[in-house]
Amino acid sequence: MLRKGDRTAWLKGGRATCIAPGPFPKRPWYLVLLGPPGVGKGTQADKLVETYGACHLSTGEIFRAACRNPCEAADSPVMRAALDAMARGELVSDEIVIEIIRERIRCLHCMHGFLLDGFPRTVEQARVLDQLLEQVGPRLDAVILLDAPEEVIIQRLSGRRVCRRCKASWHVQYKPTRVDGICDNCGGELFLRDDDRPESVKVRLDAYRNTIGPVIDHYRDSGVLHVVDASGSPEQVFANIRAVLEAEGRPWEKTLDEAAARQAPPA
Ligand code: AP5
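Residues numbered from 1 in each chain as written. Predicted model: local features only at pLDDT ≥ 70, side-chain atom pairs only at ≥ 80, totals over all residues. Heavy atoms only, no water.

**What about the overall build of the chain?**
Across its full length, the chain carries 11 helices and 8 strands. Out of the 267 residues belonging to the chain, those deemed buried represent 47%. Accessible surface, the chain: about 13600 Å² in total, of which carbon and sulfur atoms supply 53%. (Helix = DSSP H or I, 4+ residues; strand = E, 2+ residues; numbered from the N terminus. Buried < 20%, exposed > 50% of the residue type's maximum accessible area, 1.4 Å probe, protein only. Areas by Shrake-Rupley, 256 points an atom, 1.4 Å probe, with all protein chains shown as cover.)

**Concerning the nonpolar core**
Of all hydrophobic cores here, the largest spans 40 residues; its most connected members are Phe63, Leu116, Leu129 and Tyr219. Ignoring sequence-local partners within four residues, the contact set of Tyr219 consists of Leu34, Pro120, Ala126, Leu129, Asp130, Leu140, Val143, Val224 and Leu225. Of all hydrophobic cores here, the second largest spans 26 residues; its members include Val39, Ile153, Val228 and Leu245. (Core = buried A, V, L, I, M, F, W, Y, C linked by side-chain atoms within 4.5 Å. Contact = heavy atoms within 4.5 Å.)

**What about helix 7 (residues 123-136)?**
With 14 residues, helix 7 should reach 20 Å at 1.5 Å per residue; the first-to-last C-alpha distance of 20 Å fits that figure. Along helix 7, the residues classified as buried are Gln125, Ala126, Val128, Leu129, Leu132 and Leu133. Down the axis, helix 7 shows its buried residues gathered within 160 degrees of arc, on one side only. Projecting away from the buried face of helix 7 at angles above 90 degrees are the exposed residues Glu134 and Gln135. As for helix 7, its buried residues are in contact with strand 1 (29-34), helix 6 (94-103), strand 3 (113-117) and helix 9 (198-222). (Expected span 1.5 Å × (residues − 1). Arc of directions from axis to C-beta.)

**Observations concerning unusual backbone geometry**
Residue Pro120 is bonded to the preceding Phe119 through a cis peptide linkage, with omega at 0 degrees. Mapped onto the elements of the fold, Pro120 is located in the loop between strand 3 and helix 7. The residue Lys167 is not glycine, and still its phi comes out positive at about 70 degrees. Along the chain, Lys167 turns up in the loop between strand 5 (160-163) and strand 6 (169-171).

**With respect to the site of the ligand**
Near the ligand, the surroundings consist of 35 residues, among which Thr43, Glu90, Arg121, Arg160 and Arg204 are the closest. The backbone of Val92 places a nitrogen or oxygen atom 3.0 Å from a nitrogen atom of the ligand. Side-chain polar atom of Arg204 to an oxygen atom of the ligand: 2.5 Å apart, as the coordinates give it. A total of 1000 Å² of accessible area belongs to the ligand in isolation, and the protein chains cover 95% of it. Going through the elements one at a time, helix 2 (41-52), helix 3 (59-68), helix 8 (150-159), strand 6 and helix 10 (234-247) are the ones with two or more residues in the shell around the ligand. The residue makeup of the shell around the ligand, split by class, is 14 nonpolar, 12 polar and 9 charged. (Near = heavy atom within 4 Å. Polar contact = N/O pair within 3.5 Å; in protein donor to acceptor, adjacent residues only side chain to side chain. Nonpolar A, V, L, I, M, F, W, Y, C, P; charged D, E, K, R; others polar.)

**Structural notes on the sheet that holds strand 2 (residues 55-58)**
The 5 strands lie next to each other as 2-3-1-4-8, forming an open sheet whose pairing is parallel. Two strands close off the open sheet at either side, each with one partner strand: strand 2 and strand 8 (225-229). When strand polarity is set aside, the average angle formed by the axes of neighbouring strands in this sheet is 25 degrees. Inspection of the sheet shows strand 1 paired to strand 3 by 5 bridges, in the parallel sense. (Pairing = 2+ DSSP bridges. Axes fitted to C-alpha atoms, helices over the stretch in contact; angles between N-to-C directions.)

**Description of helix 6**
Here helix 6 has its buried residues at Ile96, Val97, Ile98, Ile100 and Ile101. Structurally, helix 6 contributes buried residues whose contacts are with helix 1 (8-12), helix 3, helix 5 (77-88) and helix 7.

**Considerations on the sheet that holds strand 7 (residues 190-191)**
Overall, antiparallel pairing links the 3 strands, which are arranged 6-5-7 in an open sheet. The sheet terminates laterally at strand 6 and strand 7, the two strands that pair on one side only. Two elements, strand 5 and strand 6, share 3 bridges in a ladder whose sense is antiparallel. Bridging across to strand 6, Arg161 finds its partner in Trp170. Helix 8 contacts strand 5 and strand 6 of the sheet and is inclined by roughly 35 degrees relative to strand 5.

Set out below in C-alpha cells:
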C-alpha cells in the first residue's frame, strides 16, 4: 500500500515521486468528489482513502503546499496569481489548473487509484480530465456530489481550524481539540484559513454556484454522477457514500483490509 498520506508527486509535480509504494489494490478505484466549499470533501476523502486506498488528490492542497513554500511560490508569477485568487475566494483560472494537472498526469494512472477532490470545478476542466483519462487509461468509477444546505456549509467553514504544523483540520464545534487553539495530533497552533473568512466564503459559494451546473450535467450525461446527502454526521455521510459505491456492484472485498487478508500467506 502507498504510504498513507504520501502525495509527494501530486503536491510537488515535476519529477517528484511518492515514497515506498507497496502492493497495489487488486482493483483500484477512480473517483471524483464534487461539492460546495466546506461541505466535507476533505473529511470524506480521508475516510475513503483509509477504506479503499485510493490516493487523495486535492487541487486546493497543491496551492496550499505552494503557499507554505514561499520561495517556490515567489519564483512563479503564475503560482502567485493562483494564490492571490485563492485567498480572495475566487477560482484559479482554468489555464493554470489544467497546466498543473497535466504536469501530474502520472498520478492519473497510479495503480493505487485516485480520489480527485476539488477538480474538476468547471466544465472545461471536466472535458480536459476526460481527455487525459482517455490518454492514460482508467475510467471514472463514480463522481460523488456531496450536497448540504448552505447554512450547514457556512457553519462548517466558519468553525474550521487548521493546524499550522501538521495541517490537520478541526472544527470548534463538530471536531474540537482538547485544548482550545492547539492541535491534538502535534501540539501545533490552529488558524483560520484565509479563504474561510466570511468575505471569501461568500465569493467561494458564488463561484461554486456559477460553475457547477454544467459540470453536474456533464457527469450526469456520462452516467457516473451520484448525489449524496452530506448534511449528517461524518459517519452518516460516509455510510451514504459507501451505499452508493456498493450499489455500483463492486465486491466489498476491495477494501484495504480484505485485500490485505487475501494477499496474506495461509497460516
Ligand atoms: P479546496 O481546497 O478544494 O477547497 P474547497 O472546495 O473550497 O473545500 P474545502 O477544503 O474548503 O472544504 P471541504 O469540502 O474539503 O470540507 P472539510 O472536509 O474541510 O480549494 C481551495 C481554493 O483553491 C478554491 O477556492 C480555489 O481558489 C482553488 N482551487 C482548487 N481547486 C481548483 C480548481 N479545480 N479550479 C479552480 N480553482 C481551484 O470540512 C469543513 C469543516 O466542516 C471541517 O472543520 C470539518 O471538520 C467539518 N465537517 C466536515 N464534515 C462534517 C460533517 N458531516 N458534520 C459536521 N462537521 C463536518
